[in-house]
Amino acid sequence: MSSHNVRTSGEGWMIFAGVLFLLLGLFNAMWGVAALAADDDFVADELLFGDLTLWGILFLLVAAAQLYAAWLIGTRSSWGRVLGIGLACLSATLAMLTFGARPLWAATVLVLDLLVIYGLAVHGDEPA
C-alpha cells in the first residue's frame, strides 16, 4: 500500500509541475508582450543589458518552448522532463537578469521555476 502512495505522490508532482510549467509559459508570454509594448510599468534602465524589445523577444521564445515542454510533460515524455528542467533553469536565470525591471514579477517567476525543477527532478522518474 505504501508503494501506491509514493506512486500517487510522484504522479501528483508531475501533474503539478506540468500545470505550473504551462502557467509559467503563459506568464513569460505576458511578460514578453508587455515588454514589446514598452509598458511604462517596466524600469527599463534597470535591465542588465539590451532594451525591452530584446527582452520581449527572449521571453516570447522561452514561453513558446515552455508551452511545448508542458505538453511533453503532460504526455509523460522523458524528453519533456529534461527539456522542462533546462527551460526552468533558463527562465530562472532570465528572471534574475531582469530583477531590477520588475522585482516582484521576477521573484514570483523564480520561485515557480524552482518548484518546477523540484517536481521534475525529484519525482519525474517515478512511474505514473
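Residues numbered from 1 in each chain as written. Predicted model: local features only at pLDDT ≥ 70, side-chain atom pairs only at ≥ 80, totals over all residues. Heavy atoms only, no water.

Brief notes about the overall build of the chain
And then number 1: Along the chain, the regular secondary structure elements total four helices and zero strands.
And then number 2: Seen in sequence order, the chain has helices and strands lined up from the N terminus as α-α-α-α.
And then number 3: Looking at the chain residue by residue over its 128 residues, the buried ones come to 36%.
And then number 4: Long-range contacts, defined here as pairs at least 24 residues apart, represent 74% of the contacts in the chain between residues at least 6 apart.
And then number 5: Of the roughly 6900 Å² of accessible surface on the chain, 71% is carried by carbon and sulfur atoms. (Helix = DSSP H or I, 4+ residues; strand = E, 2+ residues; numbered from the N terminus. Buried < 20%, exposed > 50% of the residue type's maximum accessible area, 1.4 Å probe, protein only. Contact = heavy atoms within 4.5 Å. Areas by Shrake-Rupley, 256 points an atom, 1.4 Å probe, with all protein chains shown as cover.)

With respect to the nonpolar core
And then number 1: Counting 17 residues, the largest nonpolar core has F21, L24, I73, A88, V116 and L120 as its most contacted members.
And then number 2: For this core, the elements supplying multiple residues, two or more each, are α1 (2–36), α2 (52–74), α3 (78–97) and α4 (103–123).
And then number 3: A per-element tally of this core places α4 first, with six residues.
And then number 4: Apart from residues no more than four positions distant in its own chain, A88 is found in contact with F21, D113, V116 and I117.
And then number 5: Counting residues in each nonpolar core, the second largest holds seven residues, with A35, L52, W55 and L94 among its members. (Core = buried A, V, L, I, M, F, W, Y, C linked by side-chain atoms within 4.5 Å.)

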